[in-house]
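# A closer look at the structure
The lines below spell out each chain.
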Amino acid sequence: MLYIVQTALELGFQYALVAMALFLSYRILDIADMTTDGCFILGCAVSVTCAAAGHPLLAIPAAMVSGACAGFVTAFLQTKLGVPSILAGIVTNTGLYTVNLMAMGWKANQSLLRQDTIFTLFRATGIGGDWYAILLSGAITVVMGAILVAFLGTRLGLSIRATGDNRDMVRASSINPTFTITVGLCLANAMTALSGAVVGQAQKTADINAGTGIVVIGLACLIIGETIVGKGSMLRGAIAVVVGSILYRVVYALVLRSPIPIDCLKLVTAIVVALAIAAPTLKSWAAFQARKRKALAARKEGR
Amino acid sequence: MLEIKQISKTFNPGTVNEKSALSGLSLTLADGDFATIVGSNGAGKSTLFNAIAGDFYVDEGSIFLSGDDLTYLPAYRRSRRIGRLFQDPMRGTAPHMTIEENLALAYLRTAKHQKAFFSRVSKADKAFFREQLARLDMGLEDRMRQPVGLLSGGQRQALTLLMATMVPPKLLLLDEHTAALDPGTADKVLKLTREIVEGEGITCLMITHNMKNALELGNRTLMMDNGRIVLDIGGEERKGLTVDDLLSRFRAGAGKALDNDRILLS
């Protein structure tokens, strides 16, 4: 059981950054950013390749910059060239496949054998004992979350939020939506790539297919978190994605240890995701049915 | 000072839907002028506002505001100097952001903050917002942390008016901003508009379908027809003018009666 909790916490913190990126692009900017899948692998590939070359620390900012570049391409396609936003993400994502292969030296995967990673470096400091991986992943996620929440309170952050909330208003209040969308998508994809970078170094491997479907999982984490923690302020949103991500990983770990065959994993993931997304609708439907039953019963008694 | 020289705009040129929305329109507003605009449906009133605000670029002519050429500036750059309210109260505010955040957004766009992307609102700014909200007399100063989506249409429109004028713009465009409100609220917002516009001496253009308001508010009344200004009444001539006078003057100017099912003659 402790092992499940440890794994869930570690993976939950690492993948929470993807959910946080989607919180920014999907929830705040109202753009379904399909760049996410490819961008996650890009971060992973850049990070692992850098670490393999002996620069595990440099790997993290390098991955983030590469992610921001991917976000910039998507933003450029949709703001300057008039490509519809979902299509812009898909186009970038397609192109990223080749870029990712390139980043790993034209190989489909890249492994770290005895090289240092941020995790081995951190373990060497002796902080956290057995919990070092969770501590490091958690620290990265919390710091990133704090930066995001602080940023969203600045003039630029408020402008980005307004861009997703009311385009008409934005145009009438001297905000350039092209600029805010670009900054928002660069930031979101930098976070996605950071997630890939951390995951890559933790698992000591990068694979060209490792990020397939990550956008759906991130979305599920976001919605699970919002269902439990609730929506509202930016701080609440940032906490929600972390909670959602950890919970998702707990469910995932339980499924892995249950008698359900491992081949069914993708199907189970899809069902969990669908249930999480449908939960608010199902809840209000159930509440309405209960109210209706009660009202009808009361009417019958009255007669 | 607003100077519009001979602007023209044709939509869908060369197709069956070709529509000349503005044809050689010229207009000069002195600083502090408050002009009301009336006209039939499709006369080009809103198109004129869209041209000034930069929703599209005009085909011909030029637009100057305080000596600066706006003709080819994109909308977001013009809106640093131009405040605008629409008929739909939902268009002027961000519903999921709090009252305070909406005000901050409007406040932080001012010149001194223009390059300061990471500036935040200070305690002093918040006190200033509170004071400004109190002027609306709607109790909004005690609800600053609530999302704007919870406010009524009238409250949202009043808030938009405050956001547009908190830092006085060079020009304020009001596009029937009270038409979607109930009569009581509309009166209140109109009273507030007059207080703010006349109090701060803001140069203002206001489209209205209420002929009485068109004559009572401001110091000039313009009538539009077919993408042109056909009547411009100000000064002594405007005082003592009745709604009937205005309608007959319009008939003389445009060569036809004013047909508008929404015009209120009361």
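This brings us to the overall build of chain A. Helix and strand content of chain A: twelve helices and two strands. Going residue by residue from the N terminus, the α and β elements of chain A occur as α-α-α-α-β-α-α-α-α-α-β-α-α-α. By the burial criterion, 50% of the 303 residues in chain A qualify as buried. For chain A, the share of sequence-separated contacts (at least 6 apart) that also reach a separation of at least 24 residues comes to 78%.

For chain B, the count of helices and strands is nine helices and ten strands. A compact globule built from 266 residues would reach a C-alpha radius of gyration of about 18 Å, and chain B, at 19 Å, matches this within 12%. Along the longest, intermediate and shortest principal axes, the C-alpha atoms of chain B span 60 × 40 × 35 Å. Relative to its 266 residues, chain B shows a buried fraction of 41%. A sequence separation of at least 24 residues applies to 70% of the contacts in chain B between residues at least 6 apart.

Moving on to the sheet that holds strand S8 (residues 204–207) of chain B. Each strand in a sheet pairs with its neighbour through backbone hydrogen bonds, running either in the same direction (parallel) or in the opposite one (antiparallel). All names here are of chain B. Read across the open sheet, the six strands follow the order S6-S7-S8-S3-S9-S10; overall the sheet is mixed. Strands at the two margins of the open sheet, each flanked by one partner only, are strand S6 (82–85) and strand S10 (228–234). With strand direction ignored, the average angle separating the axes of adjacent strands in the sheet is 20°. Here strand S9 (residues 220–225) pairs with S10 via six bridges, running antiparallel. Along S10, the bridge assignment pairs leucine 222 with aspartate 232.

What follows covers the nonpolar core. Core analysis: the largest hydrophobic core is formed by 84 residues, its most contacted members being Ala19, Met20, Leu194, Cys221 and Val241 of chain A. Residue contributions to this core peak at 16 residues, all from helix H1 (residues 2–28) of chain A. Formed by 75 residues, the second largest nonpolar core is a distinct cluster that contains Ala21, Leu25, Val38 and Leu70 of chain B.

For the rest of this paragraph, the subject is helix H2 (residues 36–52) of chain A. Residues and elements named next belong to chain A. For H2, with 17 residues, the first-to-last C-alpha span of 24 Å sits near the 24 Å given by 1.5 Å per residue. Extensive coverage of H2 is indicated by the burial of 17 of its 17 residues. Of the residues one or two after H2, glycine 54 is the one with positive phi, at around 95°.

Okay, the interface of chain B and chain A next. When the parts of a complex come together, some accessible area is lost, and that lost area is often taken as the interface size. Contacts between the two partners involve 24 residues from chain B, matched on the other side by 18 residues from chain A. Looking at the side of chain B that touches chain A, the elements with two or more residues in it are helix H2 (75–78) and helix H3 (99–108) of chain B. The biggest single contributor to the side of chain B that touches chain A is H3 of chain B, with five residues. Here the residues of the side of chain B that touches chain A are counted per class, giving twelve nonpolar, six polar and six charged.

Attention now moves to the environment of leucine 222 of chain A. Residues and elements named next belong to chain A. One can find leucine 222 in helix H10 (residues 214–229). C-beta crowding within 10 Å serves as the criterion here: with 27 such atoms nearby, leucine 222 is assigned to the buried category. Distance from leucine 222 to isoleucine 239, taken between C-alpha atoms, is 9.9 Å for residues 17 residues apart in sequence.

On to the confidence of the model for chain B, then. With 94% of its residues at a pLDDT of 70 or more, chain B has an overall mean of 88. Mean pLDDT across the elements of chain B ranges from a minimum in helix H9 (residues 243–254) of chain B, with 80, to a maximum in S8 of chain B, with 96.

A separate point is unusual backbone geometry. Residues and elements named next belong to chain B. Phi is positive for glutamine 6, which is not a glycine, with a value near 50°. With respect to the element layout, glutamine 6 can be found in strand S1 (residues 2–11). For glutamine 6, a count of 13 C-beta atoms within 10 Å corresponds to the partly exposed category. Positioned with a positive phi, aspartate 137 is a non-glycine residue whose angle comes to about 60°. Taking the C-beta count within 10 Å as the criterion, aspartate 137 has 12 such neighbours and is therefore assigned exposed.

Let's shift gears to the confidence of the model for chain A. For chain A, per-residue confidence averages 92 on the pLDDT scale, and 100% of positions sit at 70 or higher. No element of chain A has a lower mean pLDDT than helix H8 (residues 167–171) of chain A, which averages 82, and none a higher one than helix H3 (residues 56–79) of chain A, which averages 97.

Moving on, we get to the packing of H2 of chain A against H3 of chain A. Residues and elements named next belong to chain A. Where H2 contacts H3, the two axes come as close as 8 Å, and the packing angle between them is 150°. Taken together, the axes of H2 and H3 are roughly antiparallel relative to one another. When you trace H2 past H3, the crossing you get is right-handed. Facing Gly38, Cys39, Leu42, Gly43, Val46, Ser47, Cys50 and Ala51 of H2, the residues of H3 in contact are Pro56, Leu58, Ala59, Ile60, Ala62, Ala63, Ser66, Gly67 and Ala70. Of the residues contributing to the contact of H2 with H3, the split by class is twelve nonpolar, five polar and no charged.

On to the packing of H3 of chain A against helix H4 (residues 85–103) of chain A, then. Residues and elements named next belong to chain A. Put simply, H3 and H4 touch, their axes get as near as 9 Å, and they point 140° apart. Here H4 runs oblique to H3, going by the angle between their axes. Regarding H3 and H4, the two cross each other, and that crossing is right-handed. Facing Ala70, Val73, Thr74, Leu77 and Gln78 of H3, the residues of H4 in contact are Ser85, Ala88, Gly89, Val91, Thr92 and Leu96.

Our next topic: the pairing of S9 of chain B. Residues and elements named next belong to chain B. S9 sits mainly inside the fold: five of its six residues count as buried. Here strand S3 (residues 34–39) pairs with S9 via five bridges, running parallel. Counterpart to isoleucine 37 in the pairing with S9 is leucine 222. Adjacent in sequence and paired antiparallel, S9 and S10 are bridged by two residues, among which asparagine 226 carries a positive phi angle near 50°.

All names here are of chain B. A sheet is described by the order of its strands in space; here four strands give the open sequence S2-S1-S4-S5, paired in antiparallel fashion. The open sheet has two edge strands with one neighbour each: strand S2 (19–29) and strand S5 (68–69). Strand direction decides the pairing type here: strand S4 (residues 60–65) and S5, joined by two bridges, are antiparallel. What sits directly across from leucine 65, in S5, is aspartate 68. Across the face of the sheet, helix H1 (residues 45–53) comes into contact with S1, S2 and S4 while running at roughly 65° to S2.

Turning our eyes to something else, we now look at the pairing of S6 of chain B. The side chains of a regular strand alternate, residue by residue, between the two faces of the sheet. All names here are of chain B. The two faces of S6 match: Ile82 and Arg84 on one face and Gly83 and Leu85 on the other face are all buried. Where S6 and strand S7 (residues 171–175) come together, four bridges link them in parallel fashion. Each bridged residue has a counterpart across the sheet, and for glycine 83 the counterpart in S7 is leucine 172.

Scoring rules and cut-offs
Residues numbered from 1 in each chain as written. Chains lettered and ligands numbered in written order. Predicted model: local features only at pLDDT ≥ 70, side-chain atom pairs only at ≥ 80, totals over all residues. Helix = DSSP H or I, 4+ residues; strand = E, 2+ residues; numbered from the N terminus. Buried ≥ 20, exposed ≤ 12 C-beta atoms within 10 Å, placed from the backbone. Contact = placed C-beta atoms within 7 Å. Rg over C-alpha atoms; globule rule 2.2 N^0.38 Å. Pairing = 2+ DSSP bridges. Axes fitted to C-alpha atoms, helices over the stretch in contact; angles between N-to-C directions. Core = buried A, V, L, I, M, F, W, Y, C linked by C-beta atoms within 7 Å. Expected span 1.5 Å × (residues − 1). Nonpolar A, V, L, I, M, F, W, Y, C, P; charged D, E, K, R; others polar. pLDDT = per-residue confidence, 0-100. Parallel < 35°, antiparallel > 145°, perpendicular 65-115°, else oblique. Left-handed = near helix turned anticlockwise from the far one by under 90°.

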